[in-house]
Amino acid sequence: MTLNSESPSTSNRDWFFPSQSFNVPRSPARRFSSPYPRTTTSFQNSSSNFTSPLAVPRTLRRRISHRHRIQNSAGATTDEIGGKSNDAVLIQSEECPSSGNKTTTSAHKKCTDFVRWRMACVIAMVVMCFTSLLHKNFSLQFQVSDLQDEFSTLNARLRHCNISDSIGIIDSTPEHNSSSASLKNTALILSLMMFSLPLVFIKYMEYISNLRRPLDNTTEELSLNKRLAYRVDVFLSFHPYAKPLTLLIATLLLISLGGLALFGVTDDSIANCLWLSWTYVANSGNHTNSEGIGPRLVSVSVSFGGMLIFAMMLGLVSDAISEKFDSLRKGRSEVVEQNHTLILGWSDKLGSLLNQLAIANESLGGGTVVVMAERDKEEMELDIAKMEFDFRGTSVICRSGSPLILADLKKVSVSKARAIVVLAEDGNADQSDARALRTVLSLTGVKEGLRGHIVVELSDLDNEVLVKLVGGDLVETVVAHDVIGRLMIQCARQPGLAQIWEDILGFENCEFYIKKWPQFHGMQFEEVLISFPDAIPCGIKVASSGGKIILNPDDSYLLQEGDEVLVIAEDDDSYAPAPLPMVKEASLMHIVRPTRKPQKILLTGWRRDIDDMIVVLDAFLAHGSELWMFNEVCEKEREKKLTDGGLDISRLANIILVNREGNAVIRRHLESLPLESFGSILILADESVEDSAIQADSRSLATLLLIRDIQAKRLPYREAMASKIHRGSSSQGSWREEMQQASDKSVIISEILDPRTKNLLSMSKISDYVLSNELVSMALAMVAEDRQINDVLEELFAEEGNELQIRGADLYLCEGEELSFYEVLLRARQRREIVIGYRLANAEKAIINPPAKTERRRWSVKDVFVIIADKE
């Protein structure tokens, strides 16, 4: 196929296959914008000449477009050629769009919306016509059926009635049928319109919103469907019963529309149709009894809607039940308890604290302990279930929540708790105390007020003043680090004191109790001291001094009305006063108070409050004592840390600081120290590893074994032990015996964080230990049960006042002397000391509050007594 000879010579391959640069998109404007006449181009063929009426205009359009591109590229304007035709202007406007295209786009959009709206109207009209024709068909069938029934009825009546009556009946029946048919038509049309109207509205909602929007509106406006969706979302979010209410309205609407539709296609009354519609909704199988096309279509539609309704109802019920179970499982329900113990937070001390509270509540048949922490409820319950101790009837309830949120505090009935324990978090001390301070602020902000007191565990002694300032009289503080540090110092001076503190602090053996006894009014403390066969009085709570507790008062103190007696007993209901026993008067014995001698103590490791420990040691030790500090902190930085902590080294009166730098788990570093010359060695949980209890205990245990081994090799009885090995003793027994004998020469106090490490040290008998977490938990439990005990503990740990001490029996009796415990107690009163127990020479544990106080026994000077005495 070739081009006609009349075609321009410029035609080439691009005529039929134009390049990308000349490919101009077609548009309706270009179709009518050519200035050339529409001509035909003949194509030669072997059979005949065929003329295409479309080929020439298309070619001309391409040429025009190409020609105008050339003119634009050359910079030709309408002024140079003397003007431009209107058609050329149209072509140029298509090639180079301008601001006028926005008007064209808007007009095009309006045209499209108009076409869509017109199609919607046409569809609606078609649906209405189809519906009316269908209804007309059904109504005609019903009329034929009615006429047949009437005809049979009239024939029957004509046999029994006169013609006049039949004529009256015939005249009235069509009128009645006509009114009933119109009512049914109206009901059917109304039901279809009500059913189709929401569908049409949802379908063309966006078009309706565009019609309402002004044409010149330049601001962005949300469409109607987005606003409607937002309103529905807000309604479902803020109204708790929105979903059931929506489902109920949908069910009633379906029953109403189905009843109207059934009324339009059946002969039943409106009440029967509504009831039938409800049966279709409730049971989709009821529509199988329908007869006729109309009733069947309506019944199937109503049954299908009923299935959707019940599917949504089942989903709502299932979601509600699942949400309730999730709420119970995750601990979101409110705790309805009174006089319970509330624990806020989670730490390693929680297990020991729960154990002590369970022992304390055993005499009451068990109690209730509520634990709230920012952990999952199931995880907390699983961890508590793994704890190996008996709860003794105490119920432990876990809840997930934050103690900083008042709503969560209200959920655990904080206002009705008899005691609230705030545990310190593991990690940084300042962050933990800051969180404890915020928790106290939240607790003081409870509108209902607090019935019980608050026990706060702190990590740094410097933060105690701020917490007490915020909490006021409601707060009792236990500074864990300070308590352990002071306890380690006491145990270093007096071996075996750690076991005494475990017996007194915990509820498992004997502990402190305060109670009022009116029969003691006007009696001296000396008489009260021997009035309890099952308890040992230790002090008086003076009512006239605002409830101040006086430990170890004078024998001549007279108890006044309102005074209470502080005792050490097994339980709060296990003791009661009895008539004064017959006790032999204590013989006058010149008891000399032992003078304090200078000591040499080694501190390994670095603690956060080591400056406070140095101050306490300076108050306890005799003048001329040496304190060796061995850790990895360099000497210059060590002095700076001590100064920043508030320690003035120049003011130390009794001790001399000796600094050594090294690693406590490296043997050659420890061998550089004179380990055999120290009377006491304190192995501290180093600050660098105190966040991990297992790692800290491993380091302390390794240091302990290295020190004992070095001491055993340096002591003079090394050769005697070597001969035992040659005689066949096992190697394992040899090193343990060496270390046990080395422990007789010096005391090693190890700070142990994990209770599992305690068992290892107890079996080896090579160290006196201090179990940090367990002792702090015991102190927290005692203060939670009775806040007055905190004053007793503070005095026993303070630098001044009374403290627990272990004294030899030779200070109170002679070898082989036969005395009762009461007689020893009265002898100790000559130096204003209270004997609370004893440990026999061959016994492993001390006996606190012995049961047979009047029974006489023969004592040995190697026995020791546990006393409460002044620190002087």
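Residues numbered from 1 in each chain as written. Predicted model: local features only at pLDDT ≥ 70, side-chain atom pairs only at ≥ 80, totals over all residues. Heavy atoms only, no water.

Chemist: Before we move on, could you go through the overall build of the chain and cite the residues and values that matter?
Modeler: The helix and strand inventory of the chain stands at 28 helices and 24 strands. Buried positions account for 43% of the 872 residues belonging to the chain. Contacts in the chain between residues at least 24 apart in sequence constitute 74% of all its contacts with a sequence separation of at least 6. When the accessible surface of the chain is totalled, it reaches about 47600 Å², and 56% of it is carbon and sulfur. (Helix = DSSP H or I, 4+ residues; strand = E, 2+ residues; numbered from the N terminus. Buried < 20%, exposed > 50% of the residue type's maximum accessible area, 1.4 Å probe, protein only. Contact = heavy atoms within 4.5 Å. Areas by Shrake-Rupley, 256 points an atom, 1.4 Å probe, with all protein chains shown as cover.)

Chemist: Mind laying out helix α19 (residues 610-620), listing which residues take part and the relevant values?
Modeler: Taken across its 11 residues, α19 has eight buried, putting it largely inside the fold. Residues of α19 that are buried: I610, D611, M613, I614, V616, L617, D618 and F620.

Chemist: So what about the pattern of salt bridges? Which residues, and what values?
Modeler: As enumerated under the stated definition, the model contains 31 salt bridges in all. The closest approach of N and O atoms between E425 and R435, which form a salt bridge, is 2.8 Å. Of this pair, E425 sits in the loop between β6 (419-422) and α14 (429-444) while R435 is found in helix α14, placing the two residues 10 residues apart along the sequence. Judged by relative accessible area, which is 17%, R435 ranks as buried. With a closest N to O distance of 2.9 Å, E751 and R607 form a salt bridge. With E751 in strand β17 (residues 747-752) and R607 in the loop between β13 (600-604) and α19, the pair connects residues that are 144 residues apart, well separated along the chain. Judged on exposure class, the residue E751 and its partner R607 are both buried. (Salt bridge = Lys/Arg side-chain N within 4 Å of Asp/Glu carboxyl O.)

Chemist: Tell me about the sheet that holds strand β14 (residues 625-631), and name the residues and values.
Modeler: What the six strands build is an open sheet, ordered β15-β14-β13-β16-β17-β18; its pairing is parallel. Two strands in the sheet have a free side with no partner beyond their single neighbour: β15 (655-661) and β18 (768-771). On average, each strand axis in the sheet is tilted by 20 degrees relative to the strand beside it, whichever way the strands run. In this sheet, β18 lies alongside β17 in parallel orientation, the contact comprising four bridges. Bridging across to β18, I749 finds its partner in D768. Its contacts with the sheet put helix α16 (residues 480-493) on β16 (680-683), β17 and β18, and the angle it makes with β17 is roughly 160 degrees. (Pairing = 2+ DSSP bridges. Axes fitted to C-alpha atoms, helices over the stretch in contact; angles between N-to-C directions.)

Chemist: Before we move on, could you go through empty space enclosed by the protein and cite the residues and values that matter?
Modeler: On inspection of all chains with the given rule, the structure shows five cavities of 30 Å³ or more. For the largest cavity, the lining is made up of 23 residues, of which K349, D426, H481, E690 and N773 are closest to its centre. Looking at side-chain class alone, the lining of the largest cavity contains nine nonpolar, five polar and nine charged residues. Considered as a void within the structure, the second largest cavity measures approximately 80 Å³ in volume. Forming the boundary of the second largest cavity are 14 residues, of which T604, G605, A664, D686 and R699 lie nearest the centre. For the lining of the second largest cavity, the elements supplying multiple residues, two or more each, are β14 and α22 (693-714). (1 Å grid on protein atoms, 1.4 Å probe; cavity = no way out; pocket = protein on both sides within 12 Å on 5 of 7 lines; lining within 4 Å. Points joined across faces, edges and corners; volume = space filled by probe spheres on them. Nonpolar A, V, L, I, M, F, W, Y, C, P; charged D, E, K, R; others polar.)

Chemist: Kindly report on the nonpolar core, identifying the contributing residues and their values.
Modeler: Within the largest apolar cluster, 123 residues are counted, with the highest numbers of intra-cluster contacts made by I343, F512, I836 and F865. For this core, the leading source of residues is helix α26 (residues 772-785), giving nine residues. Other than its neighbours up to four places away in sequence, I343 contacts L350, L353, L354, L357, V369, V370, V371, M372, V421 and L423. Of all hydrophobic cores here, the second largest spans 24 residues; its members include V335, M372, A417 and I454. (Core = buried A, V, L, I, M, F, W, Y, C linked by side-chain atoms within 4.5 Å.)

Chemist: I'd like a rundown of the packing of aromatic side chains, residues and numbers included.
Modeler: Under the defined criterion, the tally for this structure stands at 11 aromatic pairs. For the pair W517 and Y575, a centre-to-centre distance of 5.9 Å together with 65 degrees between the ring planes defines the contact as edge-to-face. Placement of W517 in the loop between β9 (511-516) and α18 (525-529) and of Y575 in the loop between β12 (564-569) and β13 is noted, with a sequence separation of 58 residues between them. Assigned by exposure class, W517 and Y575 land together as buried. Among the aromatic residues, ring-to-ring pairing joins Y812, F821, Y838, W859 and F865 into one connected group. The aromatic ring of Y575 is capped on one face by K515, whose charged end is 5.1 Å from the ring centroid. In this structure, K600 packs its charged tip against the face of F678, placed 5.4 Å from the ring centre. (Phe/Tyr/Trp six-rings, centres within 6.5 Å; stacked < 30°, edge-to-face > 60°. Lys NZ or Arg CZ within 6 Å of the ring centre and 35° of its normal.)

Chemist: Outline helix α17 (residues 497-505), supporting the account with residue identities and numerical values.
Modeler: Burial analysis of α17 places nine of its nine residues in the buried class, the great majority of the element. Along α17, the residues that are buried comprise L497, A498, Q499, I500, W501, E502, D503, I504 and L505.

Chemist: So, unusual backbone geometry: which residues are in play, and what are the values?
Modeler: If you check the backbone angles, R392 has positive phi at about 55 degrees while not being a glycine. Here R392 lies in the loop between α12 (377-385) and β5 (395-400). Given a relative accessible area of 27%, R392 falls into the partly exposed group. Positive phi values are uncommon outside glycine, yet N849 reaches one of about 55 degrees. Residue N849 is classed as buried on the basis of its relative accessible area, which comes to 10%.

Chemist: Which residues make up the pairing of β17, and what values go with them?
Modeler: When a strand is regular, its side chains alternate between the sheet's two faces. Among the six residues of β17, six are classified as buried, and the element is accordingly described as predominantly covered. Bridge analysis of β16 against β17 gives four bridges, and the strand direction is parallel. In the sheet register, L682 faces β17, and the bridge partner there is I749.

Chemist: Which residues make up the packing of α14 against helix α15 (residues 464-471), and what are the values?
Modeler: Orientation of α14 relative to α15, taken along the N-to-C sense of each, is 10 degrees, at an axis distance of 9 Å. As judged from the angle between their axes, α14 and α15 are roughly parallel. Facing α14, whose interface residues are L437, V440, L441 and T444, α15 presents L466, V467, V470 and G471. Looking at the contact of α14 with α15, its residues break down into six nonpolar, two polar and no charged. (Parallel < 35°, antiparallel > 145°, perpendicular 65-115°, else oblique.)

Chemist: Pulling in residues and values, what's your account of the confidence of the model for the chain?
Modeler: Mean pLDDT for the chain: 76, with 73% of residues reaching 70 or above. This stretch, residues 1-102, has a pLDDT under 50; its non-local contacts, to residues over four places away or in other chains, come to 79 contacts. Counted against residues more than four places away or in other chains, residues 717-733, with its pLDDT under 50, gives 13 contacts. (pLDDT = per-residue confidence, 0-100.)

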